[in-house]
Amino acid sequence: MKKNIKMKLQCPMPKLDFDVITLGHGSGGILTNKLLDSGVFDLLSNDILDERHDGATLELSGKTAFSTDSFLVSPIFFPGGNIGELAVNGTVNDLAMCGAVPKYLSLSFIIEEGLKVADFWEILVSIKLACEQAGVKVVTGDTKVVEKGKGDQIFINTSGVGSIHTKANIAAKNICPGDQIIVSGNIASHGMAIMSVREGLEFETTIKSDTQNLNHQIIQLIEEFGGSIKYLTDPTRGGVATVLKELVNTTDLGIDIRQNDLPILSEVANACELLGLDPLYVANEGLFIAMVDKDIATRFISACHKLNPEQPAAIIGEVVAAHPKQVICESAIGGKRVVSMLPGQQLPRIC
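Keep in mind that this is a model prediction, so the values were computed, not measured.

**Some points on the packing of helix α5 (residues 189-199) against helix α8 (residues 266-275)**
- Here α5 crosses α8 at 55°, and the two axes come no closer than 10 Å. Relative to α8, α5 is oriented oblique. The way α5 lies across α8 gives a crossing that is left-handed. The segment α5 lies against α8, with S189, M192, M195 and E199 engaging V268, A271, C272 and L275.
- The residue makeup of the contact of α5 with α8, split by class, is six nonpolar, one polar and one charged.

As structure tokens, then:
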């Protein structure tokens, strides 16, 4: 919070002769240049972006990861973050899950006519801060404006590239029975932060999104444990259940998890119960799931706690040869259930 306040003081909104974004700001003419010159180019300035060319010329070496993601969260401002930092952190984390060091991002906006310039500026400031924290540069992008009613304030697309760490060997084919399944912190916080705002829910403690970059933590873990980290993924849309089910569908293995071992904040668990939602399926934006050798699991957990002491990383299960292509969850009372994918959308517009 203090960092966000400091950034806003250092980046005051420029004085402009318009308060809202109009269709003209997407025309490619004078209004477009006014918006971009005083906003995107000035705030996100770097040696590559400052060339203002049709694309970015990059220097990359070795094996490279590439990812893209689009963001249409509603509301665009929520406890713990906004759509801007979400867009940066989301693509940065996707690259980190590949074992890559994120370097460069593209940034594209689809803005609905009528968006307040003050809101757009706040989103840009958050993007700048998120990029600085993750150590990445925005090097190319695009801005379009659609008519009122044809969008919902603002949509953002980010794509990113990064160099694969030499010690990384992240692939589903590496997983084998006995590997331990680790989640890096409390689950379901992001999804319930969004839903609490939508539903007007109030709790003794405000539920905040967990949106954050994970690349620095992941790279340090790869440095220490190398190939003993078999697989990494971030449980965003569809939550923990969906990414685990997607994984076993690509293998001939099964997964056992334990409900009692899933870390979750009490207020988040209460909100899920109130809304009739299973936290296993609720989105996260600042967590990763790791499959690691059993021999290093305890040390891996200790390293996670050291690198991110605010999050209670935990072993939640293991990979098994039994029941291939199925995820089985042991309940708090010892019963077992099959964890499947959702047949539809549990929480729309969550990221």
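**Considerations on α8**
- E267, V268, A271 and C272 are the residues of α8 that are buried. Buried residues of α8, seen end-on, are gathered within an arc of 140° and therefore sit on one face of the element. For α8, the exposed residues lying more than 90 degrees away from the buried face are S266, E273 and L274.
- Lining the buried residues of α8 we find α5.
- Positive phi shows up at G276, right after α8, with a value of about 70°.

**Quick notes on the pairing of strand β6 (residues 154-164)**
- Counted residue by residue, β6 has eight buried out of 11 residues, so it is predominantly covered.
- Sheet analysis places strand β1 (residues 64-71) next to β6, joined by eight bridges and oriented antiparallel. Pairing of D69 across the sheet is with T158, part of β6.
- Of the pairings in the sheet, the one linking strand β4 (residues 100-112) to β6 comprises 11 bridges and is antiparallel in character. From the neighbouring strand, V101 faces β6, where its bridge partner is S163.

**Concerning the environment of H165**
- If you trace the backbone, H165 turns up in the loop between β6 and β7 (180-183).
- For H165, a relative accessible area of 11% puts it in the buried group.
- If sequence neighbours within four positions are ignored, H165 has contacts with G99, A100, I219, I222 and E223.

**A short note on the sheet that holds strand β9 (residues 254-258)**
- Taken in spatial order, the seven strands make up an open sheet running β8-β10-β7-β11-β9-β12-β13, and their pairing is mixed. In this open sheet, the two edge strands, each paired with only one partner strand, are β8 (229-233) and β13 (336-339). On average, each strand axis in the sheet is inclined to that of its neighbour by 25°, with strand direction left out of account.
- Pairing between β9 and strand β12 (residues 327-330): four bridges, direction parallel. Across the sheet, D256 pairs through a bridge with I328, a residue of β12.

Rules and cut-offs
Residues numbered from 1 in each chain as written. Predicted model: local features only at pLDDT ≥ 70, side-chain atom pairs only at ≥ 80, totals over all residues. Heavy atoms only, no water. Axes fitted to C-alpha atoms, helices over the stretch in contact; angles between N-to-C directions. Helix = DSSP H or I, 4+ residues; strand = E, 2+ residues; numbered from the N terminus. Parallel < 35°, antiparallel > 145°, perpendicular 65-115°, else oblique. Left-handed = near helix turned anticlockwise from the far one by under 90°. Contact = heavy atoms within 4.5 Å. Nonpolar A, V, L, I, M, F, W, Y, C, P; charged D, E, K, R; others polar. Buried < 20%, exposed > 50% of the residue type's maximum accessible area, 1.4 Å probe, protein only. Arc of directions from axis to C-beta. Pairing = 2+ DSSP bridges.

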